[in-house]
Amino acid sequence: MDAAPAPLLVSLLCLLAAASGLPAASAARAFFVFGDSLVDNGNNNYLLTTARADAPPYGIDFPTHQATGRFSNGLNIPDIISEHLGAEPALPYLSPELRGEKLLVGANFASAGVGILNDTGIQFVNIIRIGDQLQYFREYQRKLRALIGEEQAAQRVNQALVLITLGGNDFVNNYYLVPMSVRSRQYALPDYVRFILSEYRKILLRLYDLGARKVIVTGTGPLGCVPAELALHSQNGECATELTRAVNLFNPQLVDMARGLNRALGADVFVTANTLRMNFDYINDPQRFGFTNVQVACCGQGPYNGIGLCTPASNVCDNRDVFAFWDAFHPTERANRIIVGQFMHGDTDYMHPMNLSTILAMDREGV
């Protein structure tokens, strides 16, 4: 009974979306987002946590010029990917607006502060840990089935694009959070990297079990080179040695792990994004990309504007387009656009085994 009218309902929703001037939600791929503050678009606004970006000057360049919970001056990586999908941004899962036809767009489950491990980000107290994000994904699918029926819901999830960004906090807000942290006493760095990747593998397999069939898995960016770490560890602008070492261990092994999963599954389910290289392109050659500053945050205080939070009392640069970093940890919208450009068109040194343009072309051709 429930599934029978689903095609008609989907067609009607397409017509309604077209008539209202909104993207046809059911025509574009659904988009699901999991991870941390690099991709959170407002879930933490609904939580009692210090890991939030819901006050100015966050959002100063957002279309509404209001803080939305995105850790950016404007759009973040999922927003820009949604532009390429021809869809409106997926709403935060905790948003009360995520109901009815909005469910067809997808959902963003990400939460600032989380990591691969449950003890990552414990100082932020109330955040949506990755296991809970996956549980919310299961709950979302129940809502979708109630809307369009079981068969159509399964198809929509299977054909969706998924983005997951984890790992950075497991170093910054766990292993290196304090000298002699619990995890650093428990594991030497190479062993810790292997441990968190074994846990990440379980997370990716759970995503697959929940129906995800095309998942972009990002590596960690240049953790040792962000303004917060320069402020703490740099004398002359050099990147923090230990965090750089961690990233250089983690990222290649992440790629190997994803390749191994694809071999085991017999399909290219997991696509790795070399976000470290994407960032270093403009860090190493800022003039080529129109940046005048790739070390100092646009918003902050102290050395490199890397101390404390971005608040109304912070220094704020006038031209965000020439800064690579918005706050102590996060890129500006301009930098995010450069990164997503490589998601779309980068060769296999950036996106393996294929870029997002190839994924979308295969989808159109029914491959």
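Everything numeric here is computed off the predicted structure, so don't read it as measured data. (Residues numbered from 1 in each chain as written. Predicted model: local features only at pLDDT ≥ 70, side-chain atom pairs only at ≥ 80, totals over all residues. Heavy atoms only, no water.)

Trainee: Mind showing me how you'd approach the pattern of salt bridges here?
Mentor: Opposite charge on two side chains makes pairing possible when the charged atoms of those side chains draw close. Scanning the entire structure with this criterion turns up 11 salt bridges. Here Arg52 ties to Asp54 by a salt bridge, and the two come within 2.8 Å at their closest N and O atoms. Within the structure, one salt-bridge network assembled from shared partners comprises Glu83, Glu333 and Arg337. (Salt bridge = Lys/Arg side-chain N within 4 Å of Asp/Glu carboxyl O.)

Trainee: What is the right way to look at unusual backbone geometry in this model?
Mentor: Comment: phi is negative for the bulk of residues other than glycine, and the bulk of peptide bonds are trans. Each neighbour pair has its own omega, and for Pro56 with Pro57 the value is 5 degrees, a cis peptide bond. Within the element layout of this structure, Pro57 appears in the loop between strand 1 (31-35) and helix 2 (77-85). That bond from His352 to Pro353 is cis: its omega, 5 degrees, falls within 30 degrees of zero. Tracing the backbone shows Pro353 in the loop between strand 8 (351-352) and helix 12 (356-365). With phi around 55 degrees, Met180 is a residue other than glycine that occupies positive phi space. (Helix = DSSP H or I, 4+ residues; strand = E, 2+ residues; numbered from the N terminus.)

Trainee: Would you mind showing me how to read the packing of aromatic side chains here?
Mentor: Working definition: an aromatic ring pair is given by the centre-to-centre distance plus the angle between the planes. Within the structure shown, the criterion is met by 19 aromatic pairs. Members of the aromatic cluster, joined through ring pairs, are Phe32, Phe34, Tyr93, Phe109, Tyr136, Phe137 and Tyr140. Here the guanidinium or amino end of Arg334 rests over the ring plane of Phe291, the centre of that ring lying 5.1 Å away. (Phe/Tyr/Trp six-rings, centres within 6.5 Å; stacked < 30°, edge-to-face > 60°. Lys NZ or Arg CZ within 6 Å of the ring centre and 35° of its normal.)

Trainee: What's the story with the side chain of Thr218 in this structure? I'm lost.
Mentor: Tracing the sequence through the fold places Thr218 in strand 4 (residues 215-218). Residue classification places Thr218 among the buried residues on the basis of a relative accessible area of 4%. There is a polar contact of 3.1 Å between the side chain of Thr218 and the side chain of Thr165. Excluding residues that lie within four positions of it along the chain, Thr218 makes contacts with Leu163, Ile164, Thr165, Leu166, Leu254, Ala273, Thr275 and Phe343. (Buried < 20%, exposed > 50% of the residue type's maximum accessible area, 1.4 Å probe, protein only. Polar contact = N/O pair within 3.5 Å; in protein donor to acceptor, adjacent residues only side chain to side chain. Contact = heavy atoms within 4.5 Å.)

Trainee: Which parts of the structure should I look at to understand the state of the cysteines?
Mentor: By definition, a disulfide is the covalent link that joins the sulfur atoms of two cysteine residues. Enumeration according to the criterion identifies three disulfides in this entry. Between the sulfur atoms of Cys299 and its disulfide partner Cys310 the distance amounts to 2.0 Å. Residues Cys299 and Cys310 are joined by a disulfide whose S-S torsion is about 95 degrees; by sign, that bridge is right-handed. Here Cys310 lies in the loop between strand 6 (299-300) and strand 7 (315-316) and Cys299 lies in strand 6, a separation of 11 residues in the sequence. Of the residues examined, Cys299 reaches a relative accessible area of 1% and is grouped as buried. The exposure class assigned to Cys310 is buried, which follows from its relative accessible area of 8%. In the protein, numbering the disulfide-bonded cysteines from first to last in sequence yields the connectivity 1-2, 3-6, 4-5. (Disulfide = S-S within 2.5 Å.)

Trainee: Can you help me understand a positive patch on the surface in this one?
Mentor: A surface patch of like charges, here positive, comprises Arg138, Arg142, Lys143, Arg145 and Arg206. In terms of residues, the positive patch owes the most to one element, helix 3 (residues 130-148), which gives four residues. With respect to the helices and strands, the residue Arg206 is situated in helix 7 (residues 189-209). (Patch = residues over 30% accessible without salt bridge, like charges linked within 9 Å, V, L, I, M, F, W, Y side chains within 5 Å. Areas by Shrake-Rupley, 256 points an atom, 1.4 Å probe, with all protein chains shown as cover. Lys, Arg positive; Asp, Glu negative; His and termini not counted. Charge placed at Lys NZ, Arg CZ, Asp CG, Glu CD.)

Trainee: How do you make sense of the environment of Asp132 when you look at a structure like this?
Mentor: Following the sequence through the fold, Asp132 ends up in helix 3. The exposure class of Asp132 is partly exposed, given its relative accessible area of 41%. Distance from Asp132 to Phe109, taken between C-alpha atoms, is 9.0 Å for residues 23 residues apart in sequence.

Trainee: Would you explain the nonpolar core in this entry?
Mentor: Soluble globular proteins: nonpolar side chains tend toward being buried together. Phe32, Phe34, Ile164, Phe171, Tyr200 and Leu207 are the most contacted members of the largest nonpolar core, which has 69 residues in total. The leading source of residues in this core is helix 7, at 10 residues. (Core = buried A, V, L, I, M, F, W, Y, C linked by side-chain atoms within 4.5 Å.)

Trainee: Before we go on, may I ask you to explain helix 4 (residues 150-158) in this structure?
Mentor: Since there are 3.6 residues in each turn of an α-helix, residues three or four apart along the chain are aligned in direction. Those residues of helix 4 not exposed but buried are Ala153, Arg156 and Val157. What you see down the axis of helix 4 is that its buried residues fit within an arc of 95 degrees, all on one side. Among the structural elements, strand 1 and helix 3 are those in contact with the buried residues of helix 4. (Arc of directions from axis to C-beta.)

Trainee: So what exactly am I meant to see when it comes to the packing of helix 7 against helix 9 (residues 241-265) here?
Mentor: The contact between helix 7 and helix 9 brings their axes to 9 Å, and the two run at 35 degrees. In this structure, the crossing between helix 7 and helix 9 has a hand that is right-handed. Every residue of helix 9 that contacts helix 7 at Leu189, Pro190, Val193, Arg194, Ile196, Leu197, Tyr200, Arg201, Leu204, Leu205 and Tyr208 is listed here: Glu242, Arg245, Ala246, Leu249, Phe250, Gln253, Leu254, Met257, Leu261 and Leu265. The residue makeup of the contact of helix 7 with helix 9, split by class, is 16 nonpolar, one polar and four charged. (Axes fitted to C-alpha atoms, helices over the stretch in contact; angles between N-to-C directions. Left-handed = near helix turned anticlockwise from the far one by under 90°. Nonpolar A, V, L, I, M, F, W, Y, C, P; charged D, E, K, R; others polar.)

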